[in-house]
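# Structural features, examined
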Amino acid sequence: MIATIVAIFVALAFVIAMQGPVIVPVAEKTSIIIDGPDSFEVGEKIKYTATLTGVICIGDIAQALEWEVSRGGQIMSSDGDSVVVSACSPTEFTVYATFGGITTSKVVKVYPRASIGIEMDPWIHPNNWYFTGIDTVGVGNVNLRLYKVLETGRKVEVDSSRIWESYSHEEIIFYECGNYLLVAEARALSGDNRLIQEEQLVTVTPYVQRGFHKFSWDNEDIVQLTPADKVAIKTFIEEEIGIEFTFESEKVKKVNSFSEGLIFYKDNSRDDTILYQKDVKIISGDIQEMSFIQIKDKTQRYWYIYWNDCVVSVSRNSAISGFSYSGGGSSSSSSSGSSSGGNSPSPGIGGGSPSPSI
């Protein structure tokens with residue numbers, strides 16, 4: 001009897017060895033769970049894994065798993081209890097895992113690649129609403145953050161409604177001039193829920209308008225030009241005359257009068273407006289020290305730009321014909337006549353400020 005039982009077990013072991021894995025379910029209900037994200041983005045390759053419960057197996061159960069996906073999804077590779085899928089366009093498809101006649105499915109949402117874009121005019125004026133031009137794909141609600149960029153390059157977050165406000169994320173208004181960094185951020189709709197950001201540098205400058213009263217260099221109402229004021233003047237000159245330059249020069253002249261070209265200044269009568277006048281005779285009782293450069297416009301004509309803390313002058317005439325000198329001024333009439341390189345002309349100024357032809 002014992003010999004017979006032993007023979008049966010030996011025979012069973014031989015059959016198992018010859019036929020490979022054998023799966024023996026128990027009374028507990030067999031189930032399959034597919035582990036993996038409910039969503040991902042176009043082009044990503046995502047791994048899903050099947051976990052089986054309620055079964056006992058002899059051998060490798062992974063060899064018995066079968067994977068399928070519905071239309072819209074693609075199986076990139078499979079390895080027993082796991083599969084890697086992807087999709088080439090936004091869609092929704094189903095992942096199927098089958099084992100021993102039991103099939104489990106998982107619905108997967110495919111989103112476009114998450115992105116945020118900003119197409120806002122980088123040169124604007126205070127107290128006007130401007131479109132941010134924010135365009136989003138595959139993200140949730142957009143949040144705007146603003147940083148003020150100091151002259152040192154340091155960025156300080158601004159949260160005061162006295163300085164700026166936004167209407168949703170579509171429009172924005174600034175109440176103070178300066179250099180700012182606008183940050184738009186949102187979370188991706190896909191499973192990783194990662195943070196998506198886009199940045200835009202914005203310079204808020206005063207308006208530049210033609211003055212209507214007689215300018216005097218000795219006027220006590222003349223106020224010192226701020227860095228934002230000089231940015232506005234620079235942008236105005238670049239757009240109206242077609243020359244690119246920076247307010248940087250080691251050459252200084254001592255002058256007391258000039259009578260041609262444009263002069264830019266600011267007085268106490270208008271808080272956020274830079275005034276300019278054209279072809280007016282200006283004489284100062286005191287000698288004024290002014291930095292200067294000589295520059296070419298797009299037609300290769302020379303222009304002369306003079307400035308100090310309160311006045312900027314632009315003229316076609318050289319320093320010899322346009323200015324009177326006294327004291328220890330430089331005997332050189334100008335710097336070299338090469339046009340400045342660097343960035344392309346600044347975008348147009350928005351907000352409806354006048355830009356009359358020169």
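In case you missed it, the structure is sitting above this.
Residues numbered from 1 in each chain as written. Predicted model: local features only at pLDDT ≥ 70, side-chain atom pairs only at ≥ 80, totals over all residues. Heavy atoms only, no water.

A few words on the environment of methionine 120. Along the chain, methionine 120 falls in the loop between strand S11 (115–117) and strand S12 (123–124). Residue class for methionine 120 comes out buried when judged on its relative accessible area of 5%. With 80 residues separating them in the primary sequence, methionine 120 and glutamine 200 have C-alpha atoms 7.7 Å apart. Not counting residues up to four positions away in its chain, the partners in contact with methionine 120 are Tyr130, Phe131, Thr132, Ile172, Phe174, Leu182, Gln200 and Val202. (Helix = DSSP H or I, 4+ residues; strand = E, 2+ residues; numbered from the N terminus. Buried < 20%, exposed > 50% of the residue type's maximum accessible area, 1.4 Å probe, protein only. Contact = heavy atoms within 4.5 Å.)

By secondary structure assignment, the location of isoleucine 32 is in strand S2 (residues 31–35). C-alpha of isoleucine 32 to C-alpha of serine 105: the two residues are 73 residues apart in sequence and 9.0 Å apart in space. Residue contacts for isoleucine 32: discarding those within four places in its chain leaves Ala50, Thr51, Leu52, Ala97, Thr98, Phe99, Ile102 and Thr104.

Here we take up the nonpolar core. It is characteristic of soluble globular proteins that their nonpolar side chains tend to be buried jointly. Among the nonpolar cores identified, the biggest contains 24 residues, and Met120, Trp164 and Phe174 are the most heavily contacted of them. Secondary-structure elements contributing two or more residues to this core are strand S15 (143–149), strand S18 (171–174), strand S19 (178–187) and strand S20 (195–204). With four residues, S19 is the single largest residue contributor to this core. Sequence-distant contacts of phenylalanine 174, defined by excluding residues within four places in its chain, comprise Met120, Ile124, Pro126, Asn127, Asn128, Leu146, Ile163, Trp164, Tyr180, Val202 and Val204. The next biggest cluster of nonpolar side chains, apart from the first, holds 21 residues, and it includes Ala232, Tyr276, Ile295 and Ile305. (Core = buried A, V, L, I, M, F, W, Y, C linked by side-chain atoms within 4.5 Å.)

The three strands are arranged S13-S18-S17 in an open sheet whose pairing can be described as antiparallel. Taken across any chain shown, the strands that pair with only one partner, and hence form the sheet edges, are strand S13 (129–131) and strand S17 (164–167). Here the average twist between neighbouring strands, direction ignored, is 25 degrees. Bridge analysis of S17 against S18 gives four bridges, and the strand direction is antiparallel. The partner of glutamate 165 across the bridge, within S18, is isoleucine 173. (Pairing = 2+ DSSP bridges. Axes fitted to C-alpha atoms, helices over the stretch in contact; angles between N-to-C directions.)

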